[in-house]
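A structural walkthrough
So you can see what is in the structure, the chains are spelled out below.
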Amino acid sequence: MANELERLISLHDASNIAAVVIEPFAGSTGVLVPPVGYLQRLREICDRHGLLLIFDEVITGFGRLGAMFAAQALGVVPDMIVFAKTISNGAAPLGGVILRREIQEAVMQGPSHLSELMHGYTSSGHPLACAAGLAMLQVIEEEDLLQRVRELMPHFQEIVHGLSDAPGIVSIRNFGLAAGIELAPDPEGIGRRGARTQAAAFARGILTRAPGDTLVLAPPFISTPQDVQRMADALRHAIQDTSNTPP
Ligand SMILES: Cc1ncc(COP(=O)(O)O)c(C=O)c1O
């Protein structure tokens, strides 16, 4: 897979490519987990061709893999990390970017009378959102949430993979506290079964995302193994319900 990047570079030439942007695992497309060594290989290729490697850690940042960032969990250091969501527990809209020092210094070298990196967002540095972010960082630390996630991860993996004998399962993938449960599509079209099962799960009190026919689970960090088991049981019923009902 990483060779595809080499192919693109030889097609367009590295001088025409600024950066490679990637999610450490693809969340919104149904929890697609990278092959072992894939991100390390991207790092090598980017270094060899002088390209920046940017991790989109909007889903993985701030604990979902049992480390503050996927970069740490996976041992690959990107040049930039973009983040949002968990930083404020979703309670206030907040996002940000982390840069390597050299990039920050390059940006700071402009004329002293100009802003270093002019952004015109209405809500930049919003005090309420920043307060929520600081509070979340404090909660992560005080409640030892990374350790809690690490302890829950093996239970989550076992419980979620326990659904493999539910009807119409194509594949079950998990990474940290995220899982994608892929269902065989209805003959009527891709996405219909996913949408029906998502609605059936919601009726049973479980909120999932459903890209295509994959149900994505991302439980709260404070979940217990019993909570996760309840989620899986409800999901099994939802999957059973929609495997019998006509679309
Ligand atoms: C991985 C990932 N990146 C980026 C975004 C978009 O983030 P924002 O709405 O903060 O721009 C999302 C939104 O779901 C996401 O899941």
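Residues numbered from 1 in each chain as written. Predicted model: local features only at pLDDT ≥ 70, side-chain atom pairs only at ≥ 80, totals over all residues. Heavy atoms only, no water.

Another point: the site of the ligand. In the neighbourhood of the ligand, the contacting residues comprise Glu23, Ser28, Asp56, Val58, Ile59, Ala84 and Lys85. In this structure, Ser28 approaches the ligand through a side-chain N or O atom, which is 3.3 Å from an oxygen atom. Between Asp56 and the ligand, the recorded distance is 2.6 Å, taken from a side-chain N or O atom to a nitrogen atom. Bound to the protein, the ligand loses 52% of the 400 Å² it would expose on its own. (Near = heavy atom within 4 Å. Polar contact = N/O pair within 3.5 Å; in protein donor to acceptor, adjacent residues only side chain to side chain. Areas by Shrake-Rupley, 256 points an atom, 1.4 Å probe, with all protein chains shown as cover.)

Moving on: the pairing of strand β1 (residues 19-22). Residues Val20 and Ile22 point to one face of β1 and are all buried, whereas Ala19 and Val21, pointing to the other face, are not buried. As paired strands, β1 and strand β2 (residues 52-56) are joined by 4 bridges and run parallel to one another. Bridge pairing in β2 links Ala19 to Leu52. In the classification by handedness, the crossover that spans β1, the intervening helix α2 (residues 38-49) and the parallel β2 is right-handed. (Buried < 20%, exposed > 50% of the residue type's maximum accessible area, 1.4 Å probe, protein only. Helix = DSSP H or I, 4+ residues; strand = E, 2+ residues; numbered from the N terminus. Pairing = 2+ DSSP bridges. Right-handed = clockwise from strand over helix to strand, strands pointing away.)

As a packed pair, helix α1 (residues 3-12) and α2 sit with axes 10 Å apart at the nearest point and diverge in direction by 20°. Relative to α2, the element α1 lies roughly parallel. As α1 runs across α2, the sense of the crossing is right-handed. Counted together, Asn3, Leu5, Glu6 and Ile9 of α1 and Arg41, Leu42, Ile45, Cys46, Arg48 and His49 of α2 form the full contact between these two elements. Per-class residue counts for the contact of α1 with α2 are 5 nonpolar, 2 polar and 3 charged. (Axes fitted to C-alpha atoms, helices over the stretch in contact; angles between N-to-C directions. Parallel < 35°, antiparallel > 145°, perpendicular 65-115°, else oblique. Left-handed = near helix turned anticlockwise from the far one by under 90°. Contact = heavy atoms within 4.5 Å. Nonpolar A, V, L, I, M, F, W, Y, C, P; charged D, E, K, R; others polar.)

This paragraph deals with the layout of surface pockets. By volume, the largest pocket is sized at about 790 Å³. The wall of the largest pocket is formed by 30 residues, among which Arg64, Ala218, Pro219, Pro220 and Phe221 lie closest to the centre. Those elements that provide at least two residues to the lining of the largest pocket are α5 (127-142), β7 (214-217) and α8 (225-244). Looking at the lining of the largest pocket, its residues break down into 18 nonpolar, 7 polar and 5 charged. (1 Å grid on protein atoms, 1.4 Å probe; cavity = no way out; pocket = protein on both sides within 12 Å on 5 of 7 lines; lining within 4 Å. Points joined across faces, edges and corners; volume = space filled by probe spheres on them.)

With that settled, consider the sheet that holds strand β6 (residues 178-183). The strand order across the open sheet built from 3 strands is β5-β6-β7, with neighbouring strands paired in antiparallel fashion. Since the sheet does not close on itself, it has two edges, and those belong to β5 (169-175) and β7, each with one partner. Taken pair by pair, the neighbouring strands of this sheet meet at an average axis angle of 10°, ignoring direction. Bridge analysis of β6 against β7 gives 4 bridges, and the strand direction is antiparallel. Bridge pairing links Glu182 to Thr214 in β7.

Turning our attention to the environment of Ser15. Relative to the elements of secondary structure, Ser15 occurs in the loop between α1 and β1. Exposure remark for Ser15: the relative accessible area of 61% places this residue in the exposed category. In this structure the C-alpha to C-alpha distance between Ser15 and Arg193, which are 178 residues apart in sequence, comes to 45 Å. Among the polar contacts made by the side chain of Ser15, one reaches the side chain of Asp13 at a distance of 2.5 Å.

As summarised here, the arrangement of the 4 strands in space is β1-β2-β3-β4, forming an open sheet in which the pairing is mixed. The open sheet has two edge strands, β1 and β4 (96-99), and neither has a second partner. Between one strand axis and the next, the sheet turns by 20° as a mean value, whatever way the strands run. Inspection of the sheet shows strand β3 (residues 80-83) paired to β4 by 4 bridges, in the antiparallel sense. For Phe83, the partnering residue across the bridge sits in β4 and is Gly96.

A common way to state how big an interface is: give the accessible area lost once the parts meet. On domain assignment, one finds that the protein chain holds domain 1 (3-142) and domain 2 (145-244). Between domain 1 and domain 2 lies a buried interface of about 1600 Å² when both sides are counted; carbon and sulfur atoms form 69% of it. When the buried area of domain 1 at its contact with domain 2 is split by residue, Val31, Arg64 and Gly66 rank highest and sum to 38% of it. There are 6 residue pairs in polar contact (both at pLDDT 80 or more) connecting domain 1 and domain 2. Its residues assigned to classes, the side of domain 1 that touches domain 2 comprises 13 nonpolar, 7 polar and 1 charged. (Domains from an automatic or database assignment. Buried area = accessible area lost by both parts, 1.4 Å probe.)

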